Amino acid sequence: MKRRIFITAASIITVGLPVAYYIGKQKNQTNPLITPEFLLNFCDEKILNDIGAAYKLQVPEENEKKKLVDLILTDNKGLKIDASEWHNVKEHVSKKIHEEFADNKTIILKGWIITITEARQCALFSLK
């Protein structure tokens, strides 16, 4: 009897762990346009909203969803990438953020020193 319980439990765990991992991974995927991934490690949604609201007050000409998306998707050479390819968007945004830090294109909002792209992501996050 104990052997049957062990085999059943082992089977359930063997099947259940990969399924739980897959579900968790799908749930944790975020939209790279509206979620500053690095800030998400330190900030909750309220702080991201506050940063976004502060950016929209400081730069009112960018207080529009389409404008923010276009600015985030456009690289330093003026080329715009396709928003439908999430993997490319994620790479593009990450590269753009690294370049902005290297070029000292940062802004201080609510006590956080972040790049312009991260500020725009927060602004989009607050508009959702």
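Residue indices begin from 1 for each chain and proceed along its sequence in written order. Residue-level local features of this predicted model are given only where pLDDT is at least 70; pairs of side-chain atoms are given and counted only at 80 or more, and the full residue set underlies all totals for whole chains, interfaces and linings. To obtain the side-chain values, all non-hydrogen atoms of the structure were used and water was disregarded.

1. So, helix 3 (residues 45-58)
Then, in step 1: The secondary structure listing takes helices from DSSP runs of H or I that are at least 4 residues long and strands from runs of E that are at least 2 residues long, numbered from the N terminus. Expected helix span is computed as 1.5 Å times (number of residues minus one). Its 14 residues give helix 3 an end-to-end C-alpha distance of 20 Å, which sits within 8% of 20 Å, the value for a rise of 1.5 Å per residue.
Then, in step 2: Those residues of helix 3 that are buried are in contact with helix 2 (37-40), helix 4 (65-73), strand 1 (106-109), strand 2 (112-115) and helix 6 (116-127). Contacts are assigned to residue pairs with any non-hydrogen atoms lying within 4.5 Å of each other.

2. Here's the deal with the packing of helix 4 against helix 6
Then, in step 1: Taken N-terminus to C-terminus, the directions of helix 4 and helix 6 make an angle of 150 degrees; their axes are 10 Å apart at the nearest point. Considered as vectors, helix 4 and helix 6 are oriented roughly antiparallel to each other. Of the two elements, helix 4 crosses helix 6, and the hand of that crossing is left-handed. Residue-level contacts link Lys-65, Leu-68, Val-69, Leu-71 and Ile-72 of helix 4 to Thr-117, Arg-120, Gln-121, Ala-123, Leu-124 and Leu-127 of helix 6.
Then, in step 2: Charged means Asp, Glu, Lys or Arg here, nonpolar means Ala, Val, Leu, Ile, Met, Phe, Trp, Tyr, Cys or Pro, and polar covers whatever is left, Gly included. Here the residues of the contact of helix 4 with helix 6 are counted per class, giving seven nonpolar, two polar and two charged. To get an axis, fit a line to the C-alpha atoms, keeping to the stretch in contact for a helix; angles then go from 0 to 180 degrees between the N-to-C directions. With respect to orientation, any angle under 35 degrees is reported as roughly parallel, any angle over 145 as roughly antiparallel, any angle of 65 to 115 as roughly perpendicular, and every other angle as oblique. By convention, the crossing between two helices is left-handed when the near helix turns anticlockwise from the far helix through less than a right angle, and right-handed when the turn is clockwise.

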